[in-house]
Amino acid sequence: MTTQVKEPKLYDCRDAFSATLVAMAKENSSIVAVCNDSVGSSKLDGFRDAFPERLINVGIAEQTMIGVGAGLANGGKIPFVCGAACFLTGRALEQIKADVAYSDTNVKLVGISSGMAYGNLGPTHHSTEDFAWVRAIPNIAIVAPCDNVETAAAVAFAAEYDGPIFLRLSRTGVPQLLPDDFEFELGKATTLRDGTDVTLIANGVLTHRAMNAAALLEEEGIRARVLNVSCVKPIDEAAIAKAARETGAIVTCEEHTIFGGLGGAVAEVVTDTHPVPMKRLGVPGVFPPTGSAEFLLDEFGMSPKGIAEAARDLIKRKP
């Protein structure tokens, strides 16, 4: 008799974002939302219905959107500025730099459908450079939650945090990995699985794939540590250095180019603290083609089997 393996329930992190935003707005009248004709894709329908006077839709004008958000923040509001990550960062990077970061303005940037989540819309809609662009700008924290629980906790944190923050949220469904009572702490990695042979570091939609890869490796007697590094900036240098010392090899996985994102940030820490063999999995300096997000992640070697294979190869390079 064949045993059916129950597939885990998948969550759209945008739902956790919108539900948390509405709940906080009921308690704090300073919370407002700004979007670029993206009420539906940002899941702001509930916020619009509850607080129609606190949602500003500027239309397809991302530079204006950032300026409006900065103005609202300067007026004492707490603006959550929402839009597709590719357009939020790509079209309005100068305004993010000058109006938000340079001025250290209390704006919450919410990049929706990040990475390759738009899949079939192709390279114009892929957002595989946003970590690198925003990470190079001072004063902005960067967070890519791994599941619905961390998304809700990060949004609640962002509302209380005094300063700019970039929340990178996908529309691709992910299973819940963290307990319901998880408390978000900026700059802190979460060890989801301990191990001594290799460390798998991921965030966003790649974290559950790293967990599945670790399970495959366990079947071979390889103990992989899994770190959810949702905070790309500030990054948890202590946890990364500890992983390098204790496991001797690190694989990073990200829905982003391998240049300047999570892998680059981890490599900087490893180089400065405890150099060990590393492998950066991500988009290898190309424009990702058209295709579903799941297909593209697999195509770039980030299926659970692909991550496990990279870990095996890396372990062979350990001194």
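Residues numbered from 1 in each chain as written. Predicted model: local features only at pLDDT ≥ 70, side-chain atom pairs only at ≥ 80, totals over all residues. Heavy atoms only, no water.

(A) Inspection of the nonpolar core at higher detail. Within the largest apolar cluster, 39 residues are counted, with the highest numbers of intra-cluster contacts made by Ile250 and Val266. Setting aside anything within four residues of it in sequence, one finds isoleucine 250 in contact with Thr199, Ile201, Ile240, Ala244, Val266, Val270, Val276, Pro277, Met278, Lys279 and Leu314. Counting residues in hydrophobic clusters, the runner-up holds 35 residues, among them Val22, Cys82, Val149 and Leu178. (Core = buried A, V, L, I, M, F, W, Y, C linked by side-chain atoms within 4.5 Å. Buried < 20%, exposed > 50% of the residue type's maximum accessible area, 1.4 Å probe, protein only. Contact = heavy atoms within 4.5 Å.)

(B) Seen up close, the packing of helix α9 (residues 237-247) against helix α10 (residues 262-273). As a packed pair, α9 and α10 sit with axes 9 Å apart at the nearest point and diverge in direction by 65°. The handedness of the crossing between α9 and α10 is right-handed. Along the contact surface, α9 presents Glu237, Ile240 and Ala241, while α10 presents Val266, Val269, Val270 and Thr273. When its residues are assigned to classes, the contact of α9 with α10 shows five nonpolar, one polar and one charged. (Axes fitted to C-alpha atoms, helices over the stretch in contact; angles between N-to-C directions. Helix = DSSP H or I, 4+ residues; strand = E, 2+ residues; numbered from the N terminus. Left-handed = near helix turned anticlockwise from the far one by under 90°. Nonpolar A, V, L, I, M, F, W, Y, C, P; charged D, E, K, R; others polar.)

(C) Geometry of α10. A rise of 1.5 Å per residue sets the reference length of α10, with its 12 residues, at 16 Å; its end C-alpha atoms lie 17 Å apart and thus fit the reference within 8%. Within α10, the full set of buried residues consists of Leu262, Gly263, Gly264, Ala265, Val266, Val269 and Val270. Here the buried face of α10 lies against α6 (130-135), β8 (198-202), β10 (231-233), α9, β11 (250-257) and β12 (278-283). (Expected span 1.5 Å × (residues − 1).)

(D) Inspection of the side chain of lysine 233 at higher detail. Topologically, lysine 233 is positioned in strand β10. Aspartate 104 provides the closest opposite charge to the buried, salt-bridge-free lysine 233, at an N-O distance of 10 Å. Of note is the side chain of lysine 233, whose polar atom sits 3.1 Å from the backbone oxygen of isoleucine 140. Lysine 233 has contacts with Val134, Arg135, Ile137, Pro138, Asn139, Ile140, Ala141 and Ile142, leaving out every residue within four places of it along the chain. (Lys, Arg positive; Asp, Glu negative; His and termini not counted. Salt bridge = Lys/Arg side-chain N within 4 Å of Asp/Glu carboxyl O. Polar contact = N/O pair within 3.5 Å; in protein donor to acceptor, adjacent residues only side chain to side chain.)

(E) Local environment of the pairing of strand β3 (residues 78-84). Burial analysis of β3 places seven of its seven residues in the buried class, the great majority of the element. Summarising the sheet, strand β1 (residues 31-35) and β3 pair through five bridges and their orientation is parallel. Within β3, the position partnered with isoleucine 31 by the bridge is isoleucine 78. With five bridges connecting them, β3 and strand β4 (residues 108-112) associate as parallel partners. Within β4, the position partnered with cysteine 82 by the bridge is valine 110. (Pairing = 2+ DSSP bridges.)

(F) View of the packing of helix α8 (residues 207-218) against helix α12 (residues 304-315). Between α8 and α12, the least distance of the axes is 8 Å, while the angle of their chain directions is 60°. With respect to α12, the axis of α8 lies oblique. In this structure, α8 crosses over α12, and the sense of that crossing is right-handed. Within the contact between the two elements, α8 uses Arg209, Ala210, Asn212, Ala213, Leu216 and Leu217 and α12 uses Pro304, Lys305, Ile307, Ala308, Ala311 and Arg312. (Parallel < 35°, antiparallel > 145°, perpendicular 65-115°, else oblique.)

(G) Structural context of the sheet that holds strand β2 (residues 55-57). Read across the sheet, seven strands follow the order β2-β1-β3-β4-β6-β5-β10 without closing on themselves; strand pairing throughout is mixed. In this open sheet, the two strands that pair with only one neighbour each are β2 and β10. The sheet shows a mean angle of 20° between the axes of neighbouring strands, taken without regard to direction. Each of β1, β2, β3 and β4 is contacted by helix α3 (residues 62-74), which is oriented at about 165° to β3, the strand it contacts most. Sitting on the sheet, helix α7 (residues 148-160) touches β1, β3, β4, β5 (141-143) and β6 (165-169), and the angle it makes with β6 is about 160°.

(H) Spatial organisation of the environment of methionine 302. With respect to the helices and strands, the residue methionine 302 is situated in the loop between α11 (293-299) and α12. In this view, methionine 302 contacts Leu206, Arg209, Glu254, Leu281, Gly282, Leu297 and Ile307; residues no more than four positions away in its chain are not counted.

(I) Inspection of the packing of aromatic side chains at higher detail. On inspection of all chains with the given rule, the structure shows three aromatic pairs. Each ring, one from phenylalanine 47 and one from phenylalanine 51, has its centre 5.3 Å from the other, and the planes form 55°; the classification is tilted. One aromatic cluster is present, built from ring pairs that chain together Phe157, Tyr161 and Phe184. Against the face of phenylalanine 51 rests arginine 54, its NZ or CZ located 4.3 Å from the ring centre. The aromatic ring of phenylalanine 131 is capped on one face by arginine 168, whose charged end is 4.2 Å from the ring centroid. (Phe/Tyr/Trp six-rings, centres within 6.5 Å; stacked < 30°, edge-to-face > 60°. Lys NZ or Arg CZ within 6 Å of the ring centre and 35° of its normal.)

(J) Main features of the sheet that holds strand β7 (residues 190-193). Taken together, five strands build an open sheet; the order of strands is β7-β9-β8-β11-β12 and the sheet is mixed. Edge positions in the sheet fall to β7 and β12, since each has one partner strand and no second. Ignoring strand direction, the axes of neighbouring strands in this sheet form an average angle of 25°. Note: β11 against β12, five bridges, orientation parallel. Its bridge partner lying in β12, threonine 252 is registered against arginine 280.

Everything listed is a geometric property; what it means functionally is a separate question.
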